[in-house]
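Listed below, chain by chain, are the residues.
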Amino acid sequence: KVFVSSTSCGAEVPSHCVPNSRRMAVEADDLLACLRAFSRVRGHVMGSTTQPQAAPHNGSCDLALVVPQVTPATEFVESLGINYETYPVSKADVHEGETVTLSFSRQCGLSDDRAMAKTMVYDVDKNAEEAPIFVVLPGHLKIDTKALAAVGSWNRSRLKPCKPERATEITGYVFGGTTVLGSKTRLRTLLDRSVLELPKVFVNG
């Protein structure tokens, strides 16, 4: 399931920002800080009682696809009063030459994956003894490990994506469907500032 939550341009982010050569990264030790920025949308603020609406099927997914109505992610955003819509997607519908984010974007009716925020779990030490981190950025961008290392004062050579089984154990989500929302474990979260500039953002849910 992918859900979309509207955001407002110029949202005030209650977290510190760290510059690098290409862009700014927004960091929040508590994910709630980022979500408060996400929730300031189109006259709606946290505490809204508006109920989420399911998006119509766009014909690109298997009609037999079973989409859970309630997930840890949906429960989490609903507890914050954030408005969202759900879109059924399937990793089985990834076309040749497509990334997962491009495929999910197409299945959601998007022309590209700029609004499809991807969430990755990264280990920050060689032996994976420290808690990993969440890294969230638009689907068309790649992680700049040099800039990432600078944000957390980590050794760049030790920054590695978590192994799928470790990421699933920590977050409760399967590889390719990870989201910071409703994660089993609260992790330090690094968010690319450009995500907050999107009128709408799509993430796994």
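Scroll up to find the structure this text is about.
Quick look at the structure, then. (Residues numbered from 1 in each chain as written. Predicted model: local features only at pLDDT ≥ 70, side-chain atom pairs only at ≥ 80, totals over all residues. Heavy atoms only, no water.)

### A few points about the side chain of Thr-119
Considering the arrangement of structural elements, one finds Thr-119 in strand β6 (residues 117-123). Thr-119 sits in the buried class, given a relative accessible area of 13%. Those residues within four positions of Thr-119 in sequence are excluded, and the remaining contacts are Phe-134, Val-135, Val-136, Thr-178, Thr-179 and Val-180. (Helix = DSSP H or I, 4+ residues; strand = E, 2+ residues; numbered from the N terminus. Buried < 20%, exposed > 50% of the residue type's maximum accessible area, 1.4 Å probe, protein only. Contact = heavy atoms within 4.5 Å.)

### Looking at unusual backbone geometry
Phi is positive for Ala-128, close to 55°, though the residue is something other than glycine. In this structure, Ala-128 sits in the loop between β6 and β7 (133-138). For Ser-153, which is not glycine, the phi dihedral falls at a positive 55°. Residue placement: Ser-153 occurs in the loop between α4 (145-152) and β8 (160-161). Judged by relative accessible area, Ser-153 falls into the exposed class, the value being 69%.

### Here we look at the environment of Leu-196
Position of Leu-196 among the secondary structure elements: in the loop between β9 (188-192) and β10 (200-204). We classify Leu-196 as buried; its relative accessible area is 4%. Taking C-alpha positions, Leu-196 is 10.0 Å from Leu-137, a pair spaced 59 residues apart along the chain.

### Things to note about helix α5 (residues 164-171)
Burial in α5 covers these residues: Ala-167, Ile-170 and Thr-171. Along α5, the residues classed as buried sweep out an arc of 85° about the axis, all on the same side. Every exposed residue of α5 that faces more than 90 degrees away from the buried side is listed here: Glu-165 and Glu-169. Here the buried face of α5 lies against β6 and β7. Following α5 by one or two positions, Gly-172 adopts a phi angle in the positive range, close to 90°. (Arc of directions from axis to C-beta.)

### Examining the pattern of salt bridges
Applying the stated criterion across every chain yields a total of four salt bridges. Here Arg-114 and Asp-112 are joined by a salt bridge, their closest N and O atoms 3.9 Å apart. The class of Asp-112 is partly exposed, set by a relative accessible area of 31%. Connected via shared salt-bridge partners are Asp-93, Glu-98 and Arg-106. (Salt bridge = Lys/Arg side-chain N within 4 Å of Asp/Glu carboxyl O.)

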